[in-house]
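Architecture and fold: a report
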Amino acid sequence: MLKKRCLPLSCLVLLLGASVLLGASARLTNPDWDAYDTGERLTIEAPLKRIHYRSAQTEVRVNYQGKEWKVILGASSLLLSRGVIKNDLRPGRPVILVGSPRKDGSAEMRAERLILDGRTLELH
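The present account deals with the structure reproduced in this document. (Residues numbered from 1 in each chain as written. Predicted model: local features only at pLDDT ≥ 70, side-chain atom pairs only at ≥ 80, totals over all residues. Heavy atoms only, no water.)

**Thoughts on the pairing of strand 5 (residues 108-116)**
- The element strand 5 is extensively covered by neighbouring structure, given that seven of its nine residues are classed as buried.
- Two strands pair when backbone bridges link them, and strand 3 (residues 67-74) and strand 5 are joined in this way by three bridges, in the parallel orientation. Across the sheet, the residue bridging to Ile72 is Arg110, located in strand 5.
- Summarising the sheet, strand 4 (residues 94-101) and strand 5 pair through six bridges and their orientation is antiparallel. Each bridged residue has a counterpart across the sheet, and for Ser100 the counterpart in strand 5 is Arg110.
- Connecting strand 4 to the next strand, strand 5, in antiparallel fashion are six residues, including Gly105 with a positive phi near 85°.
- The pairing of strand 5 with strand 6 (residues 119-122) spans four bridges and is classified as antiparallel. Residue pairing in the sheet places Arg113 in a bridge with Glu122 of strand 6. (Buried < 20%, exposed > 50% of the residue type's maximum accessible area, 1.4 Å probe, protein only. Helix = DSSP H or I, 4+ residues; strand = E, 2+ residues; numbered from the N terminus. Pairing = 2+ DSSP bridges.)

Here is the structure:
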């Protein structure tokens, strides 16, 4: 008969704390955040043009002020945890996106909020 061996509670707490700190520090040191002007807020209300699900992040494309804008929403798992399923994001679907534009002036922003069918979803 095999005995089950459990980790002491203090070890579990330590492991959980370390994983939270590593995740937070990875987000804070992400060089991508430096490319966006977090002091400026941009609101785009437009139908979705294209959706790209990538392993690291989900991106959508919308037309805004005569240009095609790339909008980074975040990881697909984050969207799912906020209640967004794949069918919610489809071409032609009207959305409101709120976020920070790139500092270099290119047509790209990192979304902090997605408003979909009256639901406001925080993406950070």
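**What about the pattern of salt bridges?**
- This model, assessed by the stated rule, comprises 13 salt bridges.
- Measuring nitrogen to oxygen at the nearest pair gives 3.1 Å for the salt bridge that ties Glu112 to Arg41. A residue pair is termed long-range when its members are at least 10 positions apart, and Glu112 in strand 5 and Arg41 in the loop between helix 1 (9-28) and strand 1 (42-53) qualify at 71 residues.
- On the basis of relative accessible area, Arg41 is assigned to the partly exposed category, the value being 46%.
- Close ionic contact of Glu59 with Arg54 constitutes a salt bridge, the shortest N to O distance being 3.5 Å.
- Glu59 sits in the buried class, given a relative accessible area of 4%.
- Under the relative-accessibility criterion, Arg54 is labelled partly exposed at 42%.
- Through salt bridges that share partners, Arg54, Glu59, Lys70, Arg102, Asp104 and Glu108 make up one connected network. (Salt bridge = Lys/Arg side-chain N within 4 Å of Asp/Glu carboxyl O.)

**A short note on the nonpolar core**
- Of all hydrophobic cores here, the largest spans 24 residues; its most connected members are Leu73, Leu97 and Leu114.
- Elements supplying a minimum of two residues to this core: strand 1, strand 2 (58-64), strand 3, helix 2 (76-81), strand 4 and strand 5.
- The element best represented in this core is strand 1, accounting for five residues.
- Discounting residues that sit within four places of it in the chain, Leu97 has contacts with Leu42, Thr43, Ile44, Val60, Val62, Val71, Leu73, Met109, Arg113 and Leu114. (Core = buried A, V, L, I, M, F, W, Y, C linked by side-chain atoms within 4.5 Å. Contact = heavy atoms within 4.5 Å.)

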